[in-house]
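The chain contents come next:
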Amino acid sequence: MGVVSMKGGDGEHSYANNSEAQKSITSDAKPEVMKSVNEMIVKMDFPGCIKVADLGCSSGENTFLVMSEIVNTIITTYQQNGQNLPEIDCCLNDLPENDFNTTFKLIPSFHEKLKMNVKGNCYVSGCPGSFYTRLFPSKSLHFVHSSFCLHWLSKVPDGLEENKKNVYLRSPCPPNLYESYWNQFKKDFSMFLRMRAEETMPSGRMALTLVGRKTLDPLSKECFKDWSLVSDSLLDLVSEVLTTVTLLNFFGNLKVLIVVIIIYWRSILSVQGVVKESDLESFNLPYYSPDESEVKEVIENEGSFEIKNFETIFGLLFSYKTGHSEVKDDDDDVDHSRRFEVVKTRANMTRSIIEPMLVAHFGEAIIDRLFDKYIYHACQRYDTLRNKPTVNFFVSLTRK
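All of these numbers come straight from a predicted model, not from anything done at the bench.

About the thresholds
Residues numbered from 1 in each chain as written. Predicted model: local features only at pLDDT ≥ 70, side-chain atom pairs only at ≥ 80, totals over all residues. Heavy atoms only, no water. Helix = DSSP H or I, 4+ residues; strand = E, 2+ residues; numbered from the N terminus. Buried < 20%, exposed > 50% of the residue type's maximum accessible area, 1.4 Å probe, protein only. Areas by Shrake-Rupley, 256 points an atom, 1.4 Å probe, with all protein chains shown as cover. Expected span 1.5 Å × (residues − 1). Bend = angle between axes of the 7 residues up to and from the residue. Axes fitted to C-alpha atoms, helices over the stretch in contact; angles between N-to-C directions. Parallel < 35°, antiparallel > 145°, perpendicular 65-115°, else oblique. Left-handed = near helix turned anticlockwise from the far one by under 90°. Contact = heavy atoms within 4.5 Å. Nonpolar A, V, L, I, M, F, W, Y, C, P; charged D, E, K, R; others polar. Salt bridge = Lys/Arg side-chain N within 4 Å of Asp/Glu carboxyl O. Pairing = 2+ DSSP bridges.

Enquirer: A description of the overall build of the protein should follow, citing residues and the corresponding values.
Expert: Each helix and strand counted, the protein has twelve helices and eight strands in total. Residues classed as buried in the protein amount to 55% of the 400 residues present. By element, 51% of the accessible surface of the protein is carried by carbon and sulfur atoms, the whole surface being about 17500 Å².

Enquirer: A description of helix α1 (residues 20-43) should follow, citing residues and the corresponding values.
Expert: The first and last C-alpha atoms of α1 sit 34 Å apart over 24 residues, in line with the 34 Å expected at 1.5 Å per residue. Largest kink in α1: about 45 degrees, centred on K30, with the proline P31 one to four residues after it. At the exit of α1 stands D45, carrying a positive phi of roughly 60 degrees.

Enquirer: Can you explain the packing of α1 against helix α2 (residues 62-80)? Please cite residues and give values.
Expert: Contact geometry for α1 and α2: axes closest at 9 Å, N-to-C directions at 30 degrees. When the axes of α1 and α2 are compared, the pair comes out roughly parallel. Judged by the sense of rotation from one axis to the other, the crossing of α1 with α2 is right-handed. Where α1 abuts α2, its residues Q22, K23, T26, K30, V33, M34, V37, N38 and I41 lie against N62, L65, V66, E69, I70, T73, I74, T77 and Y78. Looking at the contact of α1 with α2 residue by residue, the class counts come to nine nonpolar, six polar and three charged.

Enquirer: Give a description of the pattern of salt bridges that names residues and reports values.
Expert: Counted by the stated rule, this structure contains 21 salt bridges. A salt bridge links K7 to E355; the nearest nitrogen and oxygen atoms lie 3.2 Å apart. Of this pair, K7 sits in the segment before α1 while E355 sits in helix α10 (residues 336-362), placing them 348 residues apart in sequence. Across the salt bridge formed by E277 and K165, the nearest N and O atoms sit 2.8 Å from each other. On the criterion of sequence distance, the pair formed by E277 in helix α8 (residues 277-281) and K165 in the loop between β4 (141-147) and α5 (175-199) is long-range, its members being 112 residues apart. Look at K165 and you get partly exposed, because its relative accessible area is 36%. Residues participating in the shared-partner salt-bridge network are K7, R351, E355 and D368.

Enquirer: Account for the environment of V275, naming residues and giving values.
Expert: Residue position: V275 is located in the loop between α7 (254-272) and α8. Judged by its relative accessible area of 1%, V275 is buried. Taking C-alpha positions, V275 is 9.0 Å from E240, a pair spaced 35 residues apart along the chain.

Enquirer: Before we move on, could you go through the sheet that holds strand β5 (residues 200-212) and cite the residues and values that matter?
Expert: What the eight strands build is an open sheet, ordered β3-β2-β1-β4-β5-β8-β6-β7; its pairing is mixed. If you trace the sheet from one side to the other, it starts and ends with β3 (122-128) and β7 (319-323), each paired once. Neighbour to neighbour, the strand axes of the sheet diverge by 20 degrees on average, direction disregarded. Where strand β1 (residues 49-55) lies against β4, four bridges are found, and the strand directions are parallel. In the strand pairing of β4, A53 is matched with V144. The strands touched by α1 within the sheet are β1, β4, β5, β6 (305-316), β7 and β8 (389-399), with β5 carrying the most contacts at an inclination of about 165 degrees.

Now the structure itself:
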């Protein structure tokens, strides 16, 4: 599903300029990633060539921040053990629609972050394709990294016909909707593990970070704060279109009716676009946030990898604070102008992630107005949402 690619470029609403929250979580996971790299090198007895893949690299600098830490760890480990530096093959993967150009422009800055000049030993390449399929030759990978990707499914689950006014799960909704999402996640994550098992060497390592949920109840309000804001914003646009129809029916005079049609529809079309109720009812995100037991269940049932470490990293909806225990926003006196800026930052992040999906389904005309609505709803619920934790899982795996 190509539209799952993030918004490319380096503009105001691009993923490259709106992924600070992801960078904060990735930074929190960094010590365990580096530990995994070190253990892999020693276990494999200092191979002469190391192939590293970042799956779902997206666009922007985040992928190179991770790669530079991995390469620097390789350099340090070899130097500390008196070994000649290996050749290092850094493979960046995402869907073909991903903006690889923006990412590749950052290769010079990536080299600058390395502890020594290894241009003759370190190679960067792109590998377009879905990570739910085979991407690399058998037993060719030493280390696999993936951050903020595996909660995105290969497709929208089947059986969501009853989910008419929400872009994701929302309470209350029938339990069978949860089952549809859970079954699709099981299928996709199992396939991901099976494909990587074929590509990864014995004793190779994987480090995965994905969005999860703390509660065991998949329909808890804690599970879909961000997506409920999107749903409500879309519903607002549907309601305004329906209000237009009601107004037009009210006027009996033909001349007045024509004037109302021209003025009102011109404003609707030029300012916010048209969201049909049927379009909203047929739109669902290919997304699932599992709980810890669900992630472990899929890994254990697939059977190719051993869990070496499993950690929960908490964040906040409107802040970059992170931690291994729940964090709090200590600023209780945020004035309304500051509150607006904080909420706008979150809106831009959400927009950078899902705008391509929204445009593919609803068209581009509604996007600005939609996220104005998002900001409005988020400001209204700021006090309720600001200390609700976001949940992310870090999983370190070893190929059996």
